[in-house]
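# Commentary on secondary and tertiary structure
Okay, here's what each chain looks like letter by letter:
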Amino acid sequence: MTAPSAPALSGSCLCGGIRYQVRGEPGAMVVCHCSRCRKANGSAFQAVVPIATGDFELLEGAEWLAGYESSPGVHRMFCRRCASPLYSRRDAMPDMLRLRVGTLDTPLSAGPSMHIFVGSRAEWYDIHDDAEQHRTRPGE
């Protein structure tokens, strides 16, 4: 007897032109406060969950999906019509995507597990949860 699979998560961009689903469990949510993530999202931080590349399925809008290589080997994928950031991928980690949780239409039950790059967080934003905080990326 096989175990039941996790229910699919669904998401979309702001204009609704791109719709996707994720099968399988996402990893722990990480909130990044680095300057690149702040600029890419126009906010104080970016919240992501790692997912297996094979668990991501684009349902609609392949023609709207575009990417930008923000640093060597790091690709930020977004909707070219409304500019919603959807996920990022790294050439060095082809089996994993970092999904932008703000694009999910399905609620997540768990909040952040950690905050990274808090050493460069926006000076006007204070962190108000009990998740671990790391000055850079853990292990750096």
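Just above sits the structure.
Attention in this report is confined to the structure presented alongside it. (Residues numbered from 1 in each chain as written. Predicted model: local features only at pLDDT ≥ 70, side-chain atom pairs only at ≥ 80, totals over all residues. Heavy atoms only, no water.)

This part is about the side chain of Arg76. Mapped onto the secondary structure, Arg76 falls in strand S7 (residues 74-79). No salt bridge is formed by the buried Arg76; its nearest oppositely charged neighbour, Glu69, is found at 11 Å. If we ignore the near neighbours within four places in the chain, the residues touching Arg76 are Arg36, Cys37, Ala40, Gln46, Ala66, Gly67, Tyr68, Ser70, Tyr87, Ser88 and Arg100. (Helix = DSSP H or I, 4+ residues; strand = E, 2+ residues; numbered from the N terminus. Buried < 20%, exposed > 50% of the residue type's maximum accessible area, 1.4 Å probe, protein only. Lys, Arg positive; Asp, Glu negative; His and termini not counted. Salt bridge = Lys/Arg side-chain N within 4 Å of Asp/Glu carboxyl O. Contact = heavy atoms within 4.5 Å.)

Inspection of the secondary structure puts Leu65 in strand S6 (residues 65-71). Residues Leu65 and Ile18, spaced 47 residues apart in sequence, show a C-alpha to C-alpha distance of 7.4 Å. In contact with Leu65, not counting residues within four places along its chain, are Ile18, Leu58, Met77, Phe78, Arg80, Leu86 and Tyr87.

Before going further, it helps to spend a moment on the pairing of strand S8 (residues 85-90). Looking along a regular strand, one sees side chains alternate from face to face of the sheet. Sheet analysis places S7 next to S8, joined by five bridges and oriented antiparallel. Paired with Val74 across the bridge in S8 is Arg90. In this antiparallel pair of consecutive strands, S7 and S8, the connection spans five residues, and Ala83 shows a positive phi of 75 degrees. Bridging between S8 and strand S9 (residues 93-100) involves four bridges; their strand directions are antiparallel. The residue bridging Arg90 from the neighbouring strand is Met93, located in S9. (Pairing = 2+ DSSP bridges.)

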